[in-house]
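Now for the letters of each chain:
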Amino acid sequence: MNSEIKPKPLAEAVLHALGRSQNPFLICHIDPDGDALGSLLGLGLALRKMGKNPTLVSPDGVPAIYDFLPGQEFLAKVPAVSRVTHEDLIVVLDSSDLKRISSYYDATLFASRPVANIDHHATNTLFGNINYVDTSAGACAEIVCNLLDGMHEEINPEIATCLLTGIFTDTLGFRTTSTTPQMLQLAARLVQHGAPLAGIAEKIDQRRSLVAIRLWTKILETLQLDGKIAWAQCDLAMRRSIGASEDESSGVLRTLTSVAEASVFALFTERSPGRIDVSLRSRPGYNVSKVAFRLGGGGHPQAAGCSLEGEMATIVPRVLSELRIVANNTPSPQGNMA
Ligand SMILES: [Mn+2]
């Protein structure tokens, strides 16, 4: 979108692969956030504009909070691995490893086509044939933007909206330490290209269903402080009692992470019987991604997660004992890249 801006060297191999591909298969991670969907739809819309025919897959669909994102009408309706036939390139977005795309990881399929891994997580396992992993990027959407620059592709308001949503959500509304001057400049360019920043902020931050708010109240009743760790839990029974869906619990993290006495935060969500999702957050200087990675998950120093098999009663103490090591450490001076 700006010919003066040169793509970063890492982008070349992806640009080459995307340039050659006519029918790329694009996929983002399960339990998608704004960056996963924004990157998927932003890149998908740009490739369509270039006359290509991308297949776009979000394994868990589009949570209601992201219903404003342009391009979701192009998402594959009943996607299945067995239906991937004519696609000539697999592009995995915002996913630190292949477990993040769940059943869409198929060894035979992935061995038969080039796989481009486009991500910004420090815990990325470099699973692609082509890996464009830039851990200095605050959002995967920032990397997608860099790719569009490399393609000299003009960014329209729809694409700009998708990409700015990705950046806005991963930086918690430009509040994280990953919000660099370069990122703000990029966000400004996206606004110039028609992305409605105020509208995105309002939709992401100030629109929750009544059921979600009621669920948060129940979750916050379980809030406990363990040294510098604030944690809470969301049981299946709790969700069922008020008819809340799974993704309605995640927004409560913003309240949980505002506990002034704590530096490390954990939310335990019973996804299904015997399966607990653990969402971890921390203040700068405390790195929770290593704990998540040790427990089979991944993420960023200040926002990470994993999914564990077992009961709440055994998983909570196990995770807390790992987190105490992080919480009791003297914070590093500038935690973001820790
Ligand atoms: Mn991301």
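Residues numbered from 1 in each chain as written. Predicted model: local features only at pLDDT ≥ 70, side-chain atom pairs only at ≥ 80, totals over all residues. Heavy atoms only, no water.

### Regarding the pairing of strand β8 (residues 264-272)
Okay, step 1: Along β8, seven of the nine residues are buried, which leaves the element largely enclosed by surrounding structure.
Okay, step 2: As paired strands, strand β7 (residues 229-234) and β8 are joined by six bridges and run parallel to one another. Within β8, the position partnered with glutamine 233 by the bridge is phenylalanine 268.
Okay, step 3: Sheet topology places β8 next to strand β9 (residues 275-282); eight bridges connect them, and they run antiparallel. (Buried < 20%, exposed > 50% of the residue type's maximum accessible area, 1.4 Å probe, protein only. Helix = DSSP H or I, 4+ residues; strand = E, 2+ residues; numbered from the N terminus. Pairing = 2+ DSSP bridges.)

### A word on the domain arrangement of the chain
Okay, step 1: When cut into domains, the chain gives domain 1 (11-205) and domain 2 (210-337).
Okay, step 2: Distance between the C-alpha centres of domain 1 and domain 2: 26 Å.
Okay, step 3: On the side of domain 2, 14 residues touch domain 1, which itself brings 16 residues to the contact.
Okay, step 4: Together, the buried faces of domain 1 and domain 2 total about 1100 Å²; carbon and sulfur atoms form 49% of this surface.
Okay, step 5: Ionic pairing is found between aspartate 205 and arginine 254, a salt bridge with its closest N-O pair at 3.3 Å.
Okay, step 6: Our count for the contact surface shared by domain 1 and domain 2 stands at four residue pairs in polar contact (both at pLDDT 80 or more).
Okay, step 7: Across the side of domain 1 that touches domain 2, the residue classes break down as four nonpolar, seven polar and five charged. (Domains from an automatic or database assignment. Contact = heavy atoms within 4.5 Å. Buried area = accessible area lost by both parts, 1.4 Å probe. Salt bridge = Lys/Arg side-chain N within 4 Å of Asp/Glu carboxyl O. Polar contact = N/O pair within 3.5 Å; in protein donor to acceptor, adjacent residues only side chain to side chain. Nonpolar A, V, L, I, M, F, W, Y, C, P; charged D, E, K, R; others polar.)

### Observations concerning the coordination of the manganese ion
Okay, step 1: Those donors, Asp35 (OD), Asp94 (OD), His120 (NE2) and Asp170 (OD), are the protein atoms that reach the manganese ion, and they lie 2.1 to 2.4 Å from it.
Okay, step 2: The sequence pattern formed by the donor residues of the manganese ion is D-x58-D-x25-H-x49-D. Of this pair, aspartate 35 sits in helix α2 (residues 34-49) while aspartate 170 is found in helix α5 (residues 157-170), placing the two residues 135 residues apart along the sequence. (Donors = N, O, S within 2.8 Å, 3.2 Å for Na, K, Ca; no water.)

### A word on the sheet that holds strand β4 (residues 115-119)
Okay, step 1: The sheet built from five strands is open, its strands ordered β2-β1-β3-β4-β5 with parallel pairing. Each edge of the sheet is formed by a strand with only one pairing partner; in this case those strands are β2 (55-57) and β5 (130-133). Each adjacent strand pair in this sheet contributes to an overall mean axis angle of 15°, direction not counted.
Okay, step 2: Here strand β3 (residues 89-93) runs beside β4; their pairing, made up of four bridges, is parallel. Within β4, the residue paired with leucine 93 across the bridge is isoleucine 118.
Okay, step 3: Packed onto the sheet, α2 meets β1 (24-28), β2 and β3 and runs at close to 160° relative to β1. (Axes fitted to C-alpha atoms, helices over the stretch in contact; angles between N-to-C directions.)

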